[in-house]
Amino acid sequence: MSKLVTIFGGSGFVGRYIAQRMARAGWRVRVAVRRPNEAIFVRTYGVVGQVVPVFANIRDDRSVREVIHGADAVINCVGTFDAGGKNNFEAVQELGAGRIARIAAEEGAARLVHISAIGADSESESRYAQTKAAGEAAILEAFPEAVILRPSVVFGHEDAFFNRFANMARFTPVLPLVGADTKFQPVYVEDVATAAAKGALGEAAPGIYELGGPRVASFRELMQTMLQVVRRRRLLVNMPFWAARIMATVLDGLQAATLGLFHNGVLTRDQVRQLGTDNVVAADARTLADLDIEPTAMEAVLESYLYSLRPAGQYTALRESARNLKT
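Residues numbered from 1 in each chain as written. Predicted model: local features only at pLDDT ≥ 70, side-chain atom pairs only at ≥ 80, totals over all residues. Heavy atoms only, no water.

Section: the pairing of strand β11 (residues 207–211)
- Most of β11 sits inside the fold, with four of its five residues counted as buried.
- Looking at chain direction, strand β6 (residues 147–151) and β11 are connected through five bridges and run parallel. The residue of β11 that forms the bridge with arginine 150 is glutamate 210. (Buried < 20%, exposed > 50% of the residue type's maximum accessible area, 1.4 Å probe, protein only. Helix = DSSP H or I, 4+ residues; strand = E, 2+ residues; numbered from the N terminus. Pairing = 2+ DSSP bridges.)

Spelled out as structure tokens, the structure:
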């Protein structure tokens, strides 16, 4: 019988690409999510019955144990940007990650892969970064042979980074940037998925890897590249951190005052803290190169999914060609 992998968060942005790779490798794939009915699409990643979405709550031991039982490998892709609520930083990124590792070890899983983030740091001012670091520590304590992947900002067709700002550029002449000079090293989602699959297949040595693409660029430079791809001219304005903190405090307060009816998906205080630190691969870190993966340039991919956000969408290139003929 083919081997089985349980992927927590396997229907999310990064998780779905990992699920596809594991299915193509011939593995049975158990996609553990909170809402299986919304993850039915993962069934198409393999032959009938090969990829199955199942319910799991990473805040509950029994639920986690049920979906890990019998798995040869476990991959955790679950993360959150929510500081409050039941599925907050601590519950998901610290306690949840530790729980998955502990139960994976108890159930005899041979391998564990965990998707963390560059910037995971117990000394950081950001609770997001602190809990990422605490989760890594809990994982290594319970499962010392784990493979931990720390990607920079991840880009791809369903990303929440370039897509978000490209959509904003459709409706506003100005794009405010918090931390315009903060540096990032965007990494392609397929490269992250390949790294995770290598970990699950036993093709990666245990330890921590930091994943970044071939280009390091400031937030402003990334937005300039995005605007070139979507053929729009917008004013990029650097929002001072003091102003961003005030704005984030108001928005966080509004969410608290409405008991969550208003969800602050714009800018949180913790995000402002994160944006004050560069998000790039450390000089002494193990990287994609150590996994024999050639990083994909974002310029080779952005146009393939941002073209629809151009003023004329898929017809932009045709119009540009016609304009050249007229001249």
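What follows picks up the thread again.
Considering the environment of valine 14
- Within the secondary structure, valine 14 sits in helix α1 (residues 13–24).
- C-alpha separation for the pair valine 14 and aspartate 159, spaced 145 residues apart in sequence, amounts to 8.9 Å.

A few points about unusual backbone geometry
- Its identity is not glycine, yet arginine 231 carries a phi of approximately 60°, on the positive side.
- In this structure, arginine 231 sits in the loop between α7 (219–229) and β13 (235–239).
- Assessed through its relative accessible area of 35%, arginine 231 is described here as partly exposed.

Quick word on the pattern of salt bridges
- Scanning all chains against the criterion turns up 17 salt bridges.
- Linking glutamate 106 and arginine 65 is a salt bridge whose minimum nitrogen-to-oxygen distance equals 2.7 Å. Here the residue glutamate 106 occupies a position in helix α3 (residues 89–106), and arginine 65 occupies one in helix α2 (residues 61–68), the gap between them amounting to 41 residues.
- By relative accessible area, which is 45% here, glutamate 106 ends up partly exposed.
- A relative accessible area of 29% means that arginine 65 is categorised as partly exposed.
- In this structure, arginine 269 and aspartate 252 form a salt bridge, with 2.9 Å as the shortest nitrogen-oxygen distance. Of this pair, arginine 269 sits in helix α9 (residues 269–274) while aspartate 252 is found in helix α8 (residues 241–257), placing the two residues 17 residues apart along the sequence.
- What makes aspartate 252 buried here is its relative accessible area of 15%. (Salt bridge = Lys/Arg side-chain N within 4 Å of Asp/Glu carboxyl O.)

Points about the sheet that holds β6
- Taken together, the seven strands give an open sheet; going across it, the order is β3-β2-β1-β4-β5-β6-β11, and neighbouring strands pair in parallel fashion. Looking at which strands have only one partner, the edges of the open sheet turn out to be β3 (51–55) and β11. Across the sheet, the axes of successive neighbouring strands diverge by a mean angle of 20°, strand direction being ignored.
- In the packing of helix α4 (residues 127–142) onto the sheet, the strands contacted are β5 (111–115), β6 and β11, and the crossing angle to β6 comes to about 165°. (Axes fitted to C-alpha atoms, helices over the stretch in contact; angles between N-to-C directions. Contact = heavy atoms within 4.5 Å.)

Brief notes about the packing of α3 against α4
- Remark: α3 packs on α4, axes separated minimally by 8 Å, with the N-to-C direction vectors making an angle of 10°. With respect to α4, the axis of α3 lies roughly parallel. Across from Phe89, Glu90, Gln93, Glu94, Ala97, Gly98, Ala101, Arg102 and Ala105 in α3, the residues of α4 making contact are Arg127, Tyr128, Thr131, Lys132, Ala134, Gly135, Ala138, Ile139 and Ala142.
- Its residues placed into classes, the contact of α3 with α4 shows nine nonpolar, four polar and five charged. (Parallel < 35°, antiparallel > 145°, perpendicular 65-115°, else oblique. Nonpolar A, V, L, I, M, F, W, Y, C, P; charged D, E, K, R; others polar.)

What about the environment of arginine 16?
- Tracing the backbone shows arginine 16 in helix α1.
- Taking C-alpha positions, arginine 16 is 12 Å from aspartate 159, a pair spaced 143 residues apart along the chain.
- Sequence-distant contacts of arginine 16, that is, excluding residues within four places in its chain, are made with Gly10, Ser11, Phe41, Tyr45 and Glu158.

Concerning the layout of surface pockets
- As a volume, the second largest pocket reaches approximately 260 Å³.
- Residue lining of the second largest pocket: 16 residues in total, with Ala83, Gly84, Asp252, Thr268 and Arg269 positioned closest to the centre.
- Secondary structure elements with two or more residues in the lining of the second largest pocket: α3, α8 and α9.
- A breakdown of the residues in the lining of the second largest pocket according to their chemical character gives four nonpolar, five polar and seven charged. (1 Å grid on protein atoms, 1.4 Å probe; cavity = no way out; pocket = protein on both sides within 12 Å on 5 of 7 lines; lining within 4 Å. Points joined across faces, edges and corners; volume = space filled by probe spheres on them.)

Examining α3
- For α3, with 18 residues, the first-to-last C-alpha span of 24 Å sits near the 26 Å given by 1.5 Å per residue.
- Along α3, the sharpest change in direction is near 35° and occurs at glycine 96.
- Residues Phe89, Ala91, Val92, Gln93, Gly96, Ala97, Gly98, Arg99, Ile100, Ala101, Ile103 and Ala104 constitute the buried set of α3.
- Tucked into the core, α3 has its buried residues touching β1 (4–8), α2, β4 (73–76), β5, α4 and α9.
- With a side-chain oxygen positioned 3.2 Å from the backbone nitrogen of glutamate 90, the residue opening α3 is asparagine 88. (Expected span 1.5 Å × (residues − 1). Bend = angle between axes of the 7 residues up to and from the residue. Polar contact = N/O pair within 3.5 Å; in protein donor to acceptor, adjacent residues only side chain to side chain.)

A word on the nonpolar core
- The biggest cluster of nonpolar side chains holds 74 residues, and the ones touching the most others in it are Ile18, Met22, Phe162, Met223, Met226 and Leu306.
- Tallying contributions element by element places helix α6 (residues 189–200) first for this core, with seven residues.
- When residues no more than four places from it in sequence are discounted, the contact partners of methionine 223 are Phe161, Phe162, Phe165, Leu177 and Leu236.
- Judged by nonpolar contacts, the second largest core, of 23 residues, contains Ala32, Ile68, Val78 and Phe143. (Core = buried A, V, L, I, M, F, W, Y, C linked by side-chain atoms within 4.5 Å.)

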